Amino acid sequence: MGEHRIDDAGALRPAPVEYGAAVDRYLAAADLGSASRRVYRISLLGWAWPLVDRRAPTGRERRGARPPVVPLALLDAPEAAERLRRGLADRAGTARPRTLDRELACLRAATAWWSARGWIAADPAAGLAPPTPGTDPAPVPAGTPVPVSAGAPASVAAEPTSAVAGRTADVPDRARAALALRAPLRELTLWHLLHESRAAVEQVLALDIDHLDLPRRRTKESAPGPLRWGPGTARLLPMLLAGRTAGPVFVTDRRAPAGTATADRCPVTGRGRLSYRRAAELFTTATRPLDPAGRGWTLLVLRDRVPRNRRKRERQGAA
């Protein structure tokens, strides 16, 4: 991907790092009315979810949803075209054909514009086509994180709340119930890492990207302390870190305020390190529907473990 381009005034400008910023630059240059610009923005930002292998929100949630932070360089990844194809097939299950054609046209126009300016080396949208009517959407891999809209509580259960709440009397099941919630990718990754590593919250939030040894599912010697994780975290971490190679692992939704230490700010997005207080608030809010008392749980419940003899019985029962 090109690093700079000459703008209309002849000045050298850096290419945008984030997909969202590239969308803004494209819309600023496009000859569109305010209504069309709004439609284009919703359509283009909707493609951010499949680019990181996540399902996009649908219906009313789509308009107010906060898209994930996606590096523009991800469009040059070998798997970008396939992810967009799966996203298109998934979208076909909820959108009308005319809507689908419009959203695909918006994407093609934008990627062609970015490609012409050298911001991306290839056009992953070039070969996309709407699914043939009557065919089923591509299946979504089990466990794929499902985003929550910006204005909605991050506590929508992946199964009926009553079914989950019915298990909360058994303490070890609290962690299992929490991990089954629909929540943003950042929260899901943090919760899985806390559960699988059983590390202190402060230790996990202090992690930087260069502390991680992703292939070995553990931290490097340079990390504040040794830490290992399992398959759930291993599946989610690469999606959370897509395009970021330095800075805190877990960052806030907004840019860090002036004066934030460099070590606590992402050099790519400018977002600050997620605090213990904010992480705890999000978890308590998310688990409130699962708590019979209605108060929600603390992050410590993620350290709950199912006793070995019970796991053995469950495996025998499954067999």
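Residues numbered from 1 in each chain as written. Predicted model: local features only at pLDDT ≥ 70, side-chain atom pairs only at ≥ 80, totals over all residues. Heavy atoms only, no water.

Student: What is the right way to look at the confidence of the model for the chain in this model?
Tutor: Parts of the prediction with low pLDDT should not have their coordinates interpreted in detail. Summary statistics for the chain give a mean pLDDT of 78 and a share of 76% for residues scoring 70 or more. Model confidence for the chain, summarised as mean pLDDT per element, is weakest for strand 3 (residues 156-157) at 32 and strongest for strand 6 (residues 218-219) at 95. Low pLDDT, under 50, characterises residues 1-12; the stretch is placed with 27 contacts to residues that sit more than four places away or in other chains. The low-confidence segment residues 307-315, where pLDDT is below 50, has six contacts with residues more than four positions distant or belonging to other chains. (pLDDT = per-residue confidence, 0-100. Helix = DSSP H or I, 4+ residues; strand = E, 2+ residues; numbered from the N terminus. Contact = heavy atoms within 4.5 Å.)

Student: Mind showing me how you'd approach the nonpolar core here?
Tutor: For soluble globular proteins, the rule of thumb is that nonpolar side chains tend to be buried together. Counting 36 residues, the largest nonpolar core has Leu190, Trp191, Val249 and Phe250 as its most contacted members. Considering every element that reaches this core, the biggest residue donor is helix 9 (residues 185-197), with six residues. The residues contacting leucine 190, other than those within four sequence positions of it, are Val204, Leu205, Phe250, Leu274 and Ala279. Listed in part, the 31 residues of the second largest apolar core include Tyr26, Ala95, Leu100 and Ala242. (Core = buried A, V, L, I, M, F, W, Y, C linked by side-chain atoms within 4.5 Å. Buried < 20%, exposed > 50% of the residue type's maximum accessible area, 1.4 Å probe, protein only.)

Student: Any chance you could explain empty space enclosed by the protein here in plain terms?
Tutor: In this approach the atoms are scanned with a rolling probe the size of a water molecule, which exposes any empty space left behind. Across all of its chains, the model carries one cavity of 30 Å³ or more by this definition. Each pocket or cavity is described by its volume, and for the largest cavity that value is around 30 Å³. (1 Å grid on protein atoms, 1.4 Å probe; cavity = no way out; pocket = protein on both sides within 12 Å on 5 of 7 lines; lining within 4 Å. Points joined across faces, edges and corners; volume = space filled by probe spheres on them.)

Student: Help me out: how do you make sense of the pattern of salt bridges in this one?
Tutor: Note on pairing: side chains with opposite charge can pair once their charged atoms come close. A full pass over the atoms with the stated rule returns 15 salt bridges. Of the charged contacts in the structure, one is a salt bridge between arginine 86 and aspartate 53, with a shortest N-O distance of 2.6 Å. Taken together, the residues span a long stretch of sequence, with arginine 86 in helix 5 (residues 80-91) and aspartate 53 in the loop between helix 3 (48-51) and helix 4 (60-64) at a distance of 33 residues. Accessibility expressed as a relative area gives 25% for arginine 86, which makes it partly exposed. Take aspartate 53: its relative accessible area is 27%, and that puts it in the partly exposed class. (Salt bridge = Lys/Arg side-chain N within 4 Å of Asp/Glu carboxyl O.)

Student: What exactly am I supposed to notice about unusual backbone geometry here?
Tutor: In this structure, arginine 198 is a non-glycine residue whose phi angle is positive, near 60°. If you trace the backbone, arginine 198 turns up in the loop between helix 9 and helix 10 (201-205). Residue classification places arginine 198 among the partly exposed positions, given a relative accessible area of 39%. A positive phi angle, close to 55°, is found at arginine 217, a residue other than glycine. Mapping arginine 217 onto the fold places it in the loop between strand 5 (212-213) and strand 6.

Student: I tried to follow helix 11 (residues 231-240) on my own but got confused; where do I start?
Tutor: For the α-helix, the turn length of 3.6 residues means that residues three or four positions removed from each other point alike. Inspection of helix 11 places Gly232, Thr233, Leu236, Leu237, Met239 and Leu240 among the buried residues, and these make up the whole buried set. Taken around the axis of helix 11, the buried residues stretch over an arc of 165°, which confines them to a single face. Where helix 11 is buried, its residues meet helix 9 and strand 5. (Arc of directions from axis to C-beta.)

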